[in-house]
Amino acid sequence: MINLKKTDPQIYELVKAEERRQKDVLEMIPSENYTSQAVIETLGTVLTNKYSEGYPKKRYYQGNAVVDQVEIIAQDRAKKLFGVPYVNVQAYSGSPANNAVMMATLKPGDTLMGLKLAFGGHLTHGLPLNVSGTYYNSVQFQTTKDGLIDFKEVEELALKHKPKLIICGFTAYPRVVDFAKFAKIADKVGAILLADISHITGLIVAGVHPSPFAYAHIVTTTTHKTLRGPRGALIMVTDKGLKKDPDLGKKIDSAIIPGLQGGPHDNQTAAIAVCLKEASTASFKKYGEQIVKNTKALAEALHTYGFDLVSGGSDNHLILIDLRNKGVNGAVAALALETAGIVANKNGVPFDTMPPFFPSGLRLGTPAITTRGMKEKEMKHVAAWIHHAIEEVESLALPIDKEERKGVWKEYKGDIIKNKNLLKIAKEIKSFCVKFPVP
Ligand SMILES: *Cc1c(COP(=O)(O)O)cnc(C)c1O
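Residues numbered from 1 in each chain as written. Predicted model: local features only at pLDDT ≥ 70, side-chain atom pairs only at ≥ 80, totals over all residues. Heavy atoms only, no water.

Draft legend 1. Spatial organisation of the overall build of the chain. When you go through the chain residue by residue, the secondary structure sums to 18 helices and 15 strands. Taking 439 residues into account, the globule formula puts the C-alpha radius of gyration at 22 Å, and the chain, at 22 Å, falls close to it. Judged by the C-alpha coordinates and their principal axes, the chain covers about 60 × 60 × 40 Å. Within the chain, contacts between residues at least 6 apart in sequence are counted, and of these 71% link residues at least 24 apart. When the accessible surface of the chain is summed, it comes to about 19,600 Å², and 56% of that surface belongs to carbon and sulfur atoms. Computing the positive centroid from 56 side-chain charges and the negative centroid from 45, the chain places the two 3 Å apart. (Helix = DSSP H or I, 4+ residues; strand = E, 2+ residues; numbered from the N terminus. Rg over C-alpha atoms; globule rule 2.2 N^0.38 Å. Contact = heavy atoms within 4.5 Å. Areas by Shrake-Rupley, 256 points an atom, 1.4 Å probe, with all protein chains shown as cover. Lys, Arg positive; Asp, Glu negative; His and termini not counted. Charge placed at Lys NZ, Arg CZ, Asp CG, Glu CD.)

See the structure below:
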């Protein structure tokens, strides 16, 4: 980064600071990961200079002979890895990918169904504040008290509202997604089934989570979560999808451009191709298997410290802790953990009575620390650190009253970031992390 250092020392220093931060902490936000240096190098290439509106061999601009090859390689690798007949690799990220699917399959006002955000769904699955919940008629399902998809409710709602699109695959769901059950319901009402596997793609590739490709018509995924690539997304149509509507691929292509986007980010497309190559290796399969082993080990250890895990545990890469039995709010816990060198996020729990900014839970994931080479043995240490950090803030209850809470929270925040015991844990974690280099 010699040039950056010369041109813009301020940004250079910030990049270095972020690099250090990512090295020194346990990065446990389940949607995050460390990409390979090969992916990072690809993002920083001259491919970022090119305009390529359109698709391979059908561009609006000249000079795309090289970019065409890059995009075709990305498409071919995705088709091969996931066994699909059609893929679009141009969506800028996961949210626009889902928007494109809606645009391709629905008219404004048509009905779609997805899981509520507060129960583990994504913004783009019909949240009233999101475009998916304003331009379309969004009917949302939730989970049972135990945090499991309530298929009885899903079926009842589907039969009643006859959605054109049903979305499954979630953001904060610690259990296996039963795609076959969703397909049965979607087929019964003639709906298109979209499996948004953003969080679990790496696990599906590794064979440690059931695959949606025989059941869904369309599959979307981000490329930067467990797939460990650059930020970006894939939209795939399955054989079942093309059978239902042979034009589905064409409709998605036009929804991306001219529907929603202009020129693709060719440097990103190339980096997606690189990550797909990496994901096709035996070592990536091992990586996916280790993510699940680590989550299970972490869940077990947290259980012994009396943590209440939503659904009782985890089948995948993430754990949702209901902190109410500890008397600690999710916001307080997340800040305490960050101070202790563990980066996670506050999260709602099923039927949470607290607002989204002060939810009752905490979401933790193992994809990034597994990339660093941590295994079951290390998860025991991680659980102990989490336990000690939460213990430090057990006396800091937040008032229910909104105004009162504001003042108290401000005071707590100041105390937490100066807490000596938390800072001591952060030091321990920093030296522990040296043994597990980032890629
Ligand atoms: C992360 C995620 C997305 C959105 O991805 P962005 O790249 O943040 O836009 C969509 N769906 C699900 C299920 C996700 O987890």
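Draft legend 2. A look at the domain arrangement of the chain. Domain annotation of the chain identifies domain 1 (44-279) and domain 2 (284-433). Distance from the C-alpha centre of domain 1 to the C-alpha centre of domain 2: 30 Å. Each partner contributes to the interface: domain 1 provides 27 residues, whereas domain 2 provides 24 residues. Area buried by domain 1 at its contact with domain 2 is led by Pro174, Arg175 and Arg228, which between them contribute 29% of it. Where domain 1 touches domain 2, the interface holds 1 salt bridge. Residue Arg175 pairs with Asp315 through a salt bridge whose shortest N-O separation is 2.8 Å. Across the contact surface, domain 1 and domain 2 share 10 residue pairs in polar contact (both at pLDDT 80 or more). Those elements that provide at least two residues to the side of domain 1 that touches domain 2 are α9 (201-206) and α12 (266-279). Among the elements that take part in the side of domain 1 that touches domain 2, α9 stands out by supplying 4 residues, more than any other. (Domains from an automatic or database assignment. Buried area = accessible area lost by both parts, 1.4 Å probe. Salt bridge = Lys/Arg side-chain N within 4 Å of Asp/Glu carboxyl O. Polar contact = N/O pair within 3.5 Å; in protein donor to acceptor, adjacent residues only side chain to side chain.)

Draft legend 3. Seen up close, the site of the ligand. Around the ligand there are 13 residues in total, and Ser93, Ser95, Asp196, His199 and Lys225 lie nearest to it. At 2.6 Å, a side-chain N or O of Ser95 approaches an oxygen atom of the ligand. Contact with the protein chains covers 87% of the free accessible surface of the ligand, which is 380 Å². The cavity that encloses the ligand is the largest pocket. Here the residues of the shell around the ligand are counted per class, giving 1 nonpolar, 10 polar and 2 charged. (Near = heavy atom within 4 Å. 1 Å grid on protein atoms, 1.4 Å probe; cavity = no way out; pocket = protein on both sides within 12 Å on 5 of 7 lines; lining within 4 Å. Sits in = over half its atoms within 2 Å of the grid points. Nonpolar A, V, L, I, M, F, W, Y, C, P; charged D, E, K, R; others polar.)

Draft legend 4. Examining α12 more closely. With 14 residues, α12 extends 20 Å from end C-alpha to end C-alpha; this agrees with the ideal 20 Å at 1.5 Å per step. Counting buried residues along α12, 11 of its 14 residues qualify, which places the element largely inside the surrounding structure. Inspection of α12 places Asp266, Asn267, Gln268, Thr269, Ala270, Ala271, Ile272, Ala273, Cys275, Leu276 and Ala279 among the buried residues, and these make up the whole buried set. Close packing links the buried residues of α12 with α3 (37-43), α4 (65-82), α9, β10 (233-237) and α13 (282-304). (Expected span 1.5 Å × (residues − 1). Buried < 20%, exposed > 50% of the residue type's maximum accessible area, 1.4 Å probe, protein only.)

Draft legend 5. The arrangement of the layout of surface pockets in detail. Size it by volume and the largest pocket reaches roughly 1,200 Å³. Taken together, 41 residues line the largest pocket, and the ones lying closest to its centre are Gln22, Asn33, Tyr34, Thr35 and Ile40. For the lining of the largest pocket, the element with the highest residue contribution is helix α2 (residues 9-24), accounting for 6 residues. When its residues are assigned to classes, the lining of the largest pocket shows 10 nonpolar, 20 polar and 11 charged. (Points joined across faces, edges and corners; volume = space filled by probe spheres on them.)

Draft legend 6. Representation of unusual backbone geometry in the model. Pro258 follows Ile257 through a cis peptide bond whose omega is 15 degrees. Position of Pro258 relative to the elements: it lies in helix α11 (residues 248-260). Phi at Lys57 is positive, roughly 70 degrees, even though this residue is not glycine. With respect to the helices and strands, Lys57 occurs in the loop between β2 (54-55) and β3 (58-59). Given a relative accessible area of 70%, Lys57 falls into the exposed group. The backbone of Ser311 sits at a positive phi, close to 70 degrees, despite the residue not being glycine. With respect to the helices and strands, Ser311 occurs in the loop between β11 (308-309) and β12 (318-322).

Draft legend 7. Seen up close, the packing of helix α5 (residues 94-105) against α11. Axis separation between α5 and α11 bottoms out at 8 Å; the angle between their running directions is 120 degrees. In this structure, the crossing between α5 and α11 has a hand that is right-handed. Side by side, α5 and α11 meet where Pro96, Asn99, Ala100, Met103, Ala104 and Thr105 of the first sit next to Leu248, Lys251, Ile252, Ala255, Ile256, Gly259 and Leu260 of the second. Residues belonging to the contact of α5 with α11 are distributed by class as follows: 9 nonpolar, 3 polar and 1 charged. (Axes fitted to C-alpha atoms, helices over the stretch in contact; angles between N-to-C directions. Left-handed = near helix turned anticlockwise from the far one by under 90°.)

Draft legend 8. Geometry of the nonpolar core. Counting residues in each nonpolar core, the largest one holds 51 residues, and the members touching the most others are Phe141, Ile149, Ile166, Phe170, Phe182 and Leu234. Of the residues that make up this core, three or more belong to each of domain 1 (44-279) and domain 2 (284-433). In this structure, Phe141 is in contact with Met113, Gly114, Leu115, Lys116, Ile149, Glu153, Val154, Leu157, Ile167, Phe170 and Phe182, ignoring residues within four places of it in sequence. Within the second largest apolar cluster, 49 residues are counted, among which are Ile321, Ala334, Ile342 and Phe432. (Core = buried A, V, L, I, M, F, W, Y, C linked by side-chain atoms within 4.5 Å.)

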